[in-house]
Amino acid sequence: MSGTFIKVQTEDFEIGRLSEQVRADDATSGAIVTFTGIVREMEEVDDHLKALYLEHYPGMTEKALEKIADQARERWDLGNIIIVHRVGELPLNANIVFVGVGSAHRDNAFLAARFIMDYLKRDAPFWKKEITGEGEQWVEQKSTDINAANDW
């Protein structure tokens, strides 16, 4: 029996544990694809990035993520889907997001994981602030993220 698990949290997550959760209680999935996004130094930031601060709209964010998972299920035959996204202040190299998808076939799992991330970046109500040595600045949504989702 496959299911969807969505969580928005401040605490870090364990990638291995979440990967196992994608496999749990689902013997129909022959492929598991996971993606982990982390805080990285960014070329477009003049001063060195120290951290990101992520805010969300509680309740609305989880519903948006559930809708994205449902849209992926409409396109592909999928097993378990796990989406965990962190909020709060996250230093360099910290985990931000985990997406795990199970499917009977690898193509569906790869496509669904990418679809979920593309739609998450466009449609989930998260707001990002960059914290540098010179101060803090809210970041606009990137056109590349909007275009990636629109390409589906």
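Residues numbered from 1 in each chain as written. Predicted model: local features only at pLDDT ≥ 70, side-chain atom pairs only at ≥ 80, totals over all residues. Heavy atoms only, no water.

Trainee: I'm lost on the nonpolar core in this one. Help?
Mentor: In summary, soluble globular proteins display a tendency toward joint burial of nonpolar side chains. Within the largest apolar cluster, 34 residues are counted, with the highest numbers of intra-cluster contacts made by Leu-65, Ile-83, Val-99, Ile-116 and Leu-120. Elements with a contribution of two residues or more to this core: β1 (4-9), β2 (31-38), β3 (49-56), α2 (60-75), β4 (78-86), β6 (95-103) and α3 (106-123). In contact with Leu-120, other than residues within four places in its own chain, are Leu-65, Ile-68, Ile-83, His-85 and Val-97. Phe-13, Leu-18, Ile-82 and Phe-98 belong to the second largest nonpolar core, which has six residues in total. (Core = buried A, V, L, I, M, F, W, Y, C linked by side-chain atoms within 4.5 Å. Buried < 20%, exposed > 50% of the residue type's maximum accessible area, 1.4 Å probe, protein only. Helix = DSSP H or I, 4+ residues; strand = E, 2+ residues; numbered from the N terminus. Contact = heavy atoms within 4.5 Å.)

Trainee: Would you mind going over the packing of α3 against helix α4 (residues 143-150) with me for this structure?
Mentor: Axes are the key here: two packed helices are described by the angle between their axes and the distance separating the axes. Contact geometry for α3 and α4: axes closest at 8 Å, N-to-C directions at 130 degrees. By the angle between their directions, the pair α3 and α4 is classed as oblique. Relative to α4, the crossing made by α3 is left-handed. Contacts between α3 and α4 involve Asp-118, Tyr-119, Lys-121 and Arg-122 from the first element and Asp-145, Ile-146, Ala-148, Ala-149 and Asn-150 from the second. For the contact of α3 with α4, a count of residues per class yields four nonpolar, one polar and four charged. (Axes fitted to C-alpha atoms, helices over the stretch in contact; angles between N-to-C directions. Parallel < 35°, antiparallel > 145°, perpendicular 65-115°, else oblique. Left-handed = near helix turned anticlockwise from the far one by under 90°. Nonpolar A, V, L, I, M, F, W, Y, C, P; charged D, E, K, R; others polar.)

Trainee: I keep staring at the pattern of salt bridges and nothing clicks. Help me out?
Mentor: Pairs may arise between side chains of opposite charge once their charged atoms sit close together. Evaluation of the coordinates by the stated rule reveals six salt bridges. The salt bridge partner of Asp-123 is Arg-122, with a shortest N-O separation of 2.6 Å. For Arg-122, a relative accessible area of 24% puts it in the partly exposed group. (Salt bridge = Lys/Arg side-chain N within 4 Å of Asp/Glu carboxyl O.)

Trainee: Just checking my understanding: could you explain the environment of Val-97 for this structure?
Mentor: Secondary-structure assignment places Val-97 in strand β6. Counting along the chain gives 10 residues from Val-97 to Val-87, while the straight-line C-alpha distance between them is 9.4 Å. Residues in contact with Val-97, not counting those within four places in the same chain, are Phe-13, Phe-35, Thr-36, Gly-37, Val-84, His-85, Met-117 and Leu-120.

Trainee: Even after reading the chapter, I still don't get the layout of surface pockets, so can you show me in this structure?
Mentor: It is a probe the size of a water molecule, rolled over the atoms, that shows where empty space is left. Here the largest pocket is characterised by a volume of approximately 780 Å³. Forming the boundary of the largest pocket are 26 residues, of which Leu-54, Lys-121, Lys-128, Lys-142 and Asp-145 lie nearest the centre. At the level of secondary structure, the elements contributing two or more residues to the lining of the largest pocket comprise β2, β3, β6, α3, β7 (126-132) and β8 (135-139). By residue class, the composition of the lining of the largest pocket is 16 nonpolar, three polar and seven charged. (1 Å grid on protein atoms, 1.4 Å probe; cavity = no way out; pocket = protein on both sides within 12 Å on 5 of 7 lines; lining within 4 Å. Points joined across faces, edges and corners; volume = space filled by probe spheres on them.)

Trainee: Would you mind going over the sheet that holds strand β5 (residues 88-91) with me for this structure?
Mentor: The strands making up a sheet are joined through hydrogen bonds of the backbone, oriented either antiparallel or parallel. One open sheet accounts for four strands, arranged β5-β3-β7-β8; its pairing is antiparallel. The open sheet terminates on both sides in strands that have one partner only, identified here as β5 and β8. When strand polarity is set aside, the average angle formed by the axes of neighbouring strands in this sheet is 25 degrees. Of the pairings in the sheet, the one linking β3 to β5 comprises four bridges and is antiparallel in character. Within β5, the position partnered with Tyr-53 by the bridge is Glu-89. (Pairing = 2+ DSSP bridges.)

Trainee: Explain the side chain of Asp-145 to me, please; I cannot follow it from the model alone.
Mentor: Note on placement: Asp-145 falls in helix α4. Using a relative accessible area of 18% as the deciding quantity, one classes Asp-145 as buried. If we ignore the near neighbours within four places in the chain, the residues touching Asp-145 are Asp-118, Lys-121 and Arg-122.

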